[in-house]
Amino acid sequence: MKSLGLSVCALASGSKGNAVFISGGDSAVLVDAGLSGIELERRMAAKGLSPEMLSAVVVTHEHTDHIKGAGILSRRFDIPLYLNQKTMQAASKKLGTIDGAMNFKCGVPFRIGDLKIDPFSISHDAADPSGFTLEHGGVKMGIATDLGVATHLVKTHLKGCSLLYLEANHDPDMLNNGPYPWYLKQRVKSRLGHLSNAAAGDLVNDIRDNTLCHVILAHLSHENNTPEKALQTFQERLDTHSLQVEVAMPHAPGTLISVFPENKGASAYSPE
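Here is a short report on the structure shown in this document. Each chain has its residues counted from 1, running along the sequence as written. Only residues with pLDDT of 70 or above have their local features reported here, since the model is predicted, and side-chain atom pairs are shown and tallied only from 80 upward, although totals for entire chains, interfaces and linings are computed over all residues. Excluded from the side-chain calculations are hydrogens and water; all other atoms, namely the structure's heavy atoms, are used.

**Things to note about the overall build of the chain**
Then step 1. Comment: elements are numbered from the N terminus, with helices defined as DSSP H or I runs of at least four residues and strands as E runs of at least two. A count of helices and strands for the chain gives nine helices and 15 strands.
Then step 2. Here the C-alpha coordinates of the chain stretch approximately 45 × 45 × 35 Å along the principal axes.
Then step 3. For the chain, the proportion of its 272 residues judged to be buried stands at 55%.
Then step 4. Here, two residues are considered to be in contact whenever any of their heavy atoms come within 4.5 Å of each other. In the chain, the proportion of contacts linking residues at least 24 apart, taken out of those at least 6 apart, comes to 63%.
Then step 5. Counting every atom, the chain has about 11,400 Å² of accessible surface; 51% of that belongs to carbon and sulfur. A simple rule labels every residue: compare its accessible area, found with a 1.4 Å probe on the protein chains alone, to the largest value its type can have, and call it buried under 20%, exposed over 50%, or partly exposed in between. Per-residue accessibility takes into account occlusion by the displayed protein chains alone, with areas from the Shrake-Rupley method and a 1.4 Å probe.

**Thoughts on unusual backbone geometry**
Then step 1. Notably, Asp32 is not glycine yet its phi reads approximately 75°, a positive angle.
Then step 2. If you trace the backbone, Asp32 turns up in the loop between strand S3 (27–31) and helix H1 (37–46).
Then step 3. By relative accessible area, which is 3% here, Asp32 ends up buried.

**Quick notes on the nonpolar core**
Then step 1. By convention a nonpolar core is built from buried Ala, Val, Leu, Ile, Met, Phe, Trp, Tyr and Cys residues, the set being connected through side-chain atoms within 4.5 Å. With 28 residues, the main nonpolar core has Ile22, Val29, Val58, Met141 and Tyr165 as its most contacted residues.
Then step 2. Apart from residues lying up to four places away in sequence, Val58 is in contact with Val29, Leu30, Val31, Asp32, Tyr82, Phe104, Ile112, Ile117 and Phe132.
Then step 3. Phe120, Leu164, Ala168 and Leu243 belong to the second largest nonpolar core, which has 26 residues in total.

**A word on the pattern of salt bridges**
Then step 1. Any Lys or Arg side-chain nitrogen located within 4 Å of an Asp or Glu carboxyl oxygen qualifies as a salt bridge. Tallied over the entire structure, the rule returns six salt bridges.
Then step 2. The residue Arg43 makes a salt bridge to Glu39 at a minimum N-O spacing of 2.7 Å. Placement of the pair is Arg43 and Glu39 together in helix H1, with a separation of four residues, close to one helical turn.
Then step 3. The salt bridge partner of Arg187 is Asp125, with a shortest N-O separation of 2.6 Å. Linking Arg187 in helix H7 (residues 182–189) with Asp125 in the loop between strand S8 (115–121) and strand S9 (130–136), this pair joins segments that are 62 residues apart in sequence.

**Brief notes about the packing of aromatic side chains**
Then step 1. Aromatic pairing here means that ring centres of Phe, Tyr or Trp (its six-membered ring) are within 6.5 Å. Orientation follows from the plane angle: under 30 degrees is stacked, over 60 is edge-to-face, and everything else is tilted. Summed over the entire model, instances satisfying the criterion amount to three aromatic pairs.
Then step 2. Seen from their ring centres, Tyr82 and Phe110 are 5.5 Å apart, and the 5° between their planes marks the pair as stacked. Taken as a pair, Tyr82 in strand S5 (residues 81–84) and Phe110 in strand S7 (residues 110–112) lie far apart in primary sequence, 28 residues in all.
Then step 3. Note on Phe110: relative accessible area 15%, which makes it buried.

**Concerning the environment of Leu73**
Then step 1. Tracing the chain through its elements places Leu73 in helix H3 (residues 70–77).
Then step 2. Given the relative accessible area of 0%, Leu73 is considered buried.
Then step 3. It is 8.7 Å that separates the C-alpha atoms of Leu73 and Ser36, two residues lying 37 residues apart in sequence.
Then step 4. Beyond its immediate chain neighbours, meaning those up to four positions away, Leu73 contacts Leu30, Leu40, Pro51, Leu54, Val57, Asp78 and Ile79.

**Considering the packing of H1 against H3**
Then step 1. Running from amino to carboxyl end, H1 crosses H3 at an angle of 75°, the nearest separation of the two axes being 8 Å. With respect to H3, the axis of H1 lies roughly perpendicular. Counted together, Gly37, Ile38, Leu40 and Glu41 of H1 and Ile72, Leu73, Arg76 and Phe77 of H3 form the full contact between these two elements.
Then step 2. Of the residues that constitute the contact of H1 with H3, the class distribution is five nonpolar, one polar and two charged. Axes here mean lines fitted to C-alpha atoms, for a helix over just the part in contact, with angles spanning 0 to 180 degrees between N-to-C directions. Oblique is the label for any angle not covered by the other classes, which are roughly parallel (under 35 degrees), roughly antiparallel (over 145) and roughly perpendicular (65 to 115). When residues are grouped by polarity, Ala, Val, Leu, Ile, Met, Phe, Trp, Tyr, Cys and Pro land in nonpolar, Asp, Glu, Lys and Arg in charged, and all others, Gly among them, in polar.

Scope: geometric values only; no functional claims are made or implied.
Right, dumping it as structure tokens:
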């Protein structure tokens with residue numbers, strides 16, 4: 001999987017489980033591991049990948065749909081687990097015994113092999129939730145899901161990305177008229193909840209430059225959104241000409257995408 005830039009595959013996305021495979025050079029990581037160990041192996045195998053390729057599992061926050069298989073995968077394949085101190089404390093019972101736990105701090109970049117990773121704080125109802133940018137070979141990607149609001153800090157970190165893995169959780173009308181109880185609707189809409197489809201589009205509008213070539217809409221609500229509505233709303237908020245946009249799904253892995261450096265930082269999109 002060695003490449004000049006980055007290769008990315010969403011293995012799962014949504015309230016049932018989240019995991020994203022990212023590789024660059026001789027290094028590869030999972031950002032989150034929110035499926036069972038067996039299911040993570042199955043989905044990786046479906047894309048020609050395996051846990052033995054992984055240099056680490058990197059965790060955004062402690063909610064079960066992001067860490068369900070993280071401890072199992074770490075122990076079974078002797079894979080280091082990277083998470084910040086507060087997340088590790090909050091997740092300890094769910095993770096079990098972890099020998100290879102490594103702590104990072106939001107705002108302090110670190111390296112995992114060939115990958116440079118820069119964690120940043122996001123707004124969500126977790127102990128210390130993180131977004132990330134990952135860089136290799138002149139290509140930068142950003143991951144920002146499970147955030148109630150796109151702060152100035154989030155926008156600053158996501159500028160200059162060639163690929164964004166970005167939350168488009170809900171349609172406000174579907175949420176307001178849907179089955180959730182009132183308190184849960186308020187949580188989703190709050191600054192500690194989740195980005196709407198329109199908010200995702202507005203965020204990209206605010207940070208977009210000619211480097212950005214691909215956006216993956218992620219963490220869609222099963223009850224309060226549809227892939228079609230997410231795409232339609234997102235595309236209505238900005239000109240998506242020359243921009244590849246797709247939706248990460250909960251039940252199957254997505255396309256394995258490779259983004260390579262080109263002239264003056266522009267990037268090329270190449271699906272599997």
